[in-house]
Amino acid sequence: FSLLMAEMARIKKKPKLSLSAKTLERLVSLCPEGVRILVGYFSNQPVAGAVLVGKGRKIWYLHAATNEEGRKLGASYAMIAEIVQRLRGEDVEEMDFGGLGPDTPAFQGPNHFKKGFGGKTFSYIGEWETGKALPRLLGNFGVIKNRGLFG
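Note that the structure is predicted; figures quoted are calculated from it, not measured.

Notes on helix α4 (residues 75–89)
The end-to-end C-alpha distance of α4 is 21 Å, a good match for the 21 Å that 15 residues give at a rise of 1.5 Å each. Among all positions in α4, only Ala75, Ser76, Met79, Ile80, Ile83 and Leu87 are buried. All buried residues of α4 project into a common sector of 140° when viewed along the axis, lining one side. The outward face of α4, more than 90 degrees from its buried face, is lined by the exposed residues Ala78, Gln85, Arg88 and Gly89.

This is the structure:
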């Protein structure tokens, strides 16, 4: 999986996307029963992968990667179908895809992918206040104040 992440980071010219094998090993050692790493192959070559974290009824889709061949094949969609099938067999009821990048062109592809499965979208207070710092911070403060969380 770490090789897929490195390849995707190279393709997208975003080296911070990569995840080392050492980091994955540490994640697994910290949560031995709660980490799933799946890698999909085509012609004996890895094309897509995902790291899921969680135990019980809820799982978080932590990281995913697809290389050039995987992108051509639409392997990330097949990966989600496989994940859903496996999680249903484990009685998992919810998979959290993680956040969307509002108003951020760099997140247009991941947003489209995540929204394409018909799940529910939730907003969490404070989730994106670092995007456009002041407007988001003020907007989040307004939400908190309007909900009466400050008394």
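Considering the pattern of salt bridges
It is possible for side chains bearing opposite charge to pair when their charged atoms get close. Tallied over the entire structure, the rule returns six salt bridges. Among the ionic pairs, Lys55 bridges to Glu33, the shortest N-O distance being 2.6 Å. Here Lys55, found in the loop between β2 (45–53) and β3 (58–66), pairs with Glu33, found in the loop between α2 (21–30) and β1 (35–42); they are 22 residues apart in sequence, far enough to count as distant. Assigned by exposure class, Lys55 and Glu33 land together as exposed. For Arg86, the salt bridge is made with Glu82, and the minimal N-O distance between the two is 2.7 Å. One end of the pair, Arg86, and the other, Glu82, are both in helix α4, four residues apart, so they sit about a helical turn from each other. The partly exposed category is assigned to Glu82, whose relative accessible area is 32%. Each of Lys58, Glu94 and Asp96 takes part in a single network of salt bridges with overlapping partners.

The rules behind each value
Residues numbered from 1 in each chain as written. Predicted model: local features only at pLDDT ≥ 70, side-chain atom pairs only at ≥ 80, totals over all residues. Heavy atoms only, no water. Helix = DSSP H or I, 4+ residues; strand = E, 2+ residues; numbered from the N terminus. Expected span 1.5 Å × (residues − 1). Buried < 20%, exposed > 50% of the residue type's maximum accessible area, 1.4 Å probe, protein only. Arc of directions from axis to C-beta. Salt bridge = Lys/Arg side-chain N within 4 Å of Asp/Glu carboxyl O.

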